[in-house]
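Here is what each chain is made of, one letter per residue.
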Amino acid sequence: MVPEELPPPRSTTGEALHNIYRELYSHFGPQGWWPGDIADEICIGAILTQNTNWQNVAKAIARLKQAELLDLRAVSRIPVEILADLIRPAGYYNIKARRLLNFTDALFNSFPEGLPQLFSLEMDQAREFLLSVKGIGPETADSILLYAGSFPTFVVDAYTVRVLSRHDFVDETITYEEARALFMEHLPHDTSLFNEYHALFVALGKNYCKKRLPSCDRCPLKGR
DNA sequence: TGCCAGGCCGGGT
DNA sequence: ACCCGGCATGGC
């Protein structure tokens, strides 16, 4: 969603969140995360990228694609040891292989038709289901809902909290659900807005708001 | 070279 | 309800 389409904010918090979005968007432009990718690949990527650089995840995804396994039904049939070896470049490969199979097992047991059936639920119910899978926490669940299911849920990650706390907008000890509620309560529930906004936080965190080297001199949010 | 990356779980307080 | 160690590869 382009910032010009934002409806007028109804609170000072909403206004601040609008302004942050406008500034990030004008600086980085639309990010277009996972636009044409199929839902299966997005779910797999969401699990593989847990605490991991996307570059490494891309290597693992390429290996799965090469093996014709970029597909949840196919993944569900692979022995865990083989899967672990395939995704090795993503790091934490043993635990992530187990998590991928936890997900496909739970998915096809509860929803024989797979993702379309899961995504036919109400968002909160689909979220509950995802959170019940061992290895899927709130960020992974929200990523799957937003980027694979096109549900309007806000994805909070380490970058989000770091950016907001560096600019004294929230305390750095804020919980996941608190941070998510901040966005859900003060922004329109729009999938394309939440898609871009999350990706913009990542862009800022990677390029300016790094963990070390707080060289915020050129930060687009400088002074906010 | 060491630090970091688009978290989450399990055991201990 | 928090806190912390473990999980692992590859890039800068």
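Model, not experiment: these values are computed from the prediction. (Residues numbered from 1 in each chain as written. Chains lettered and ligands numbered in written order. Predicted model: local features only at pLDDT ≥ 70, side-chain atom pairs only at ≥ 80, totals over all residues.)

Caption draft 1: The arrangement of the overall build of chain A in detail. Broken down by element type, chain A carries 12 helices and 0 strands. Along chain A, from the amino end to the carboxyl end, the secondary structure elements read α-α-α-α-α-α-α-α-α-α-α-α. The C-alpha atoms of chain A give 18 Å as radius of gyration, which agrees with the globular expectation for 224 residues (17 Å, within 12%). Each principal axis of the C-alpha atoms in chain A carries an extent, and together these give about 50 × 40 × 30 Å. Here chain A holds 224 residues, and 31% of them are scored as buried. Partitioning the intrachain contacts of chain A with sequence separation of at least 6 by distance along the chain shows that 61% fall at a separation of at least 24. (Helix = DSSP H or I, 4+ residues; strand = E, 2+ residues; numbered from the N terminus. Rg over C-alpha atoms; globule rule 2.2 N^0.38 Å. Buried ≥ 20, exposed ≤ 12 C-beta atoms within 10 Å, placed from the backbone. Contact = placed C-beta atoms within 7 Å.)

Caption draft 2: Quick look at the protein's contact with DNA strand B. Surrounding DNA strand B, one finds 25 residues, the nearest of these being Q50, N51, G137, T140 and A158. At the level of elements, α9 (138–148), α10 (158–166) and α12 (191–207) are the ones that each hand at least two residues to the surface near DNA strand B. By residue number, the principal contributor to the surface near DNA strand B is α9, which donates 4 residues. Split into classes, the residues belonging to the surface near DNA strand B amount to 9 nonpolar, 10 polar and 6 charged. (Near = placed C-beta within 6 Å. Nonpolar A, V, L, I, M, F, W, Y, C, P; charged D, E, K, R; others polar.)

Caption draft 3: Structural context of the protein's contact with DNA strand C. Surrounding DNA strand C, one finds N51, T52, N53, Q55, N56, R88, P89, G91, Y92, Y93, N94 and I95. For the surface near DNA strand C, the elements supplying multiple residues, two or more each, are α3 (54–66) and α6 (93–110). Looking at the surface near DNA strand C element by element, the count peaks at 3 residues for α6. For the surface near DNA strand C, a count of residues per class yields 4 nonpolar, 7 polar and 1 charged.

Caption draft 4: Expanded view of the domain arrangement of chain A. On domain assignment, one finds that chain A holds domain 1 (3–30 + 156–218) and domain 2 (39–148). The straight-line distance from the C-alpha centre of domain 1 to that of domain 2 is 26 Å. Ranked by the residues each element gives to the side of domain 1 that touches domain 2, the list is headed by α12, at 3 residues. Classifying every residue of the side of domain 1 that touches domain 2 by side-chain character gives 3 nonpolar, 2 polar and 1 charged. (Domains from an automatic or database assignment.)

Caption draft 5: Looking closely at the environment of N19. Note that N19 resides in helix α1 (residues 12–28). Sequence separation between N19 and L221 is 202 residues, and the spatial gap between their C-alpha atoms is 9.5 Å.

Caption draft 6: Here's a closer look at the environment of D168. Considering the arrangement of structural elements, one finds D168 in the loop between α10 and α11 (176–186). In sequence terms D168 and A203 are 35 residues apart; their C-alpha atoms lie 19 Å from each other.

Caption draft 7: Broad picture of the nonpolar core. One finds C43, I44, I87 and I144 to be the most contacted residues of the largest nonpolar core, which totals 55 residues. When we break this core down by domain, the ones giving at least three residues each are domain 1 (3–30 + 156–218) and domain 2 (39–148). Once you skip the residues sitting within four places of it in the chain, I87 turns out to touch L48, A60, L64, Y93, K96 and A97. (Core = buried A, V, L, I, M, F, W, Y, C linked by C-beta atoms within 7 Å.)

Caption draft 8: Molecular detail of unusual backbone geometry. Even without glycine at this site, N51 takes up a positive phi of about 50 degrees. Position of N51 relative to the elements: it lies in the loop between α2 (39–48) and α3. The class of N51 is exposed, set by 8 C-beta atoms lying within 10 Å.

Caption draft 9: Main features of the packing of helix α8 (residues 123–131) against α9. It is at 9 Å that the axes of α8 and α9 come closest, and there the two elements cross at 135 degrees. Between α8 and α9, the angle falls in the class oblique. Taken as a pair, α8 and α9 cross one another with a handedness that is right-handed. Every residue of α9 that contacts α8 at M123, A126, R127, L130 and L131 is listed here: P138, A141, I144 and L145. (Axes fitted to C-alpha atoms, helices over the stretch in contact; angles between N-to-C directions. Parallel < 35°, antiparallel > 145°, perpendicular 65-115°, else oblique. Left-handed = near helix turned anticlockwise from the far one by under 90°.)

Caption draft 10: Just the packing of α2 against α9, in detail. α9 packs onto α2 with a crossing angle of 160 degrees between their chain directions and a minimal axis gap of 9 Å. Considering the angle they form, α2 stands roughly antiparallel to α9. Crossing angle aside, the handedness with which α2 passes α9 is right-handed. Facing α2, whose interface residues are A39, I42, C43, A46 and I47, α9 presents T140, S143, I144, Y147 and A148. Taken together, the residues that form the contact of α2 with α9 break down as 8 nonpolar, 2 polar and no charged.

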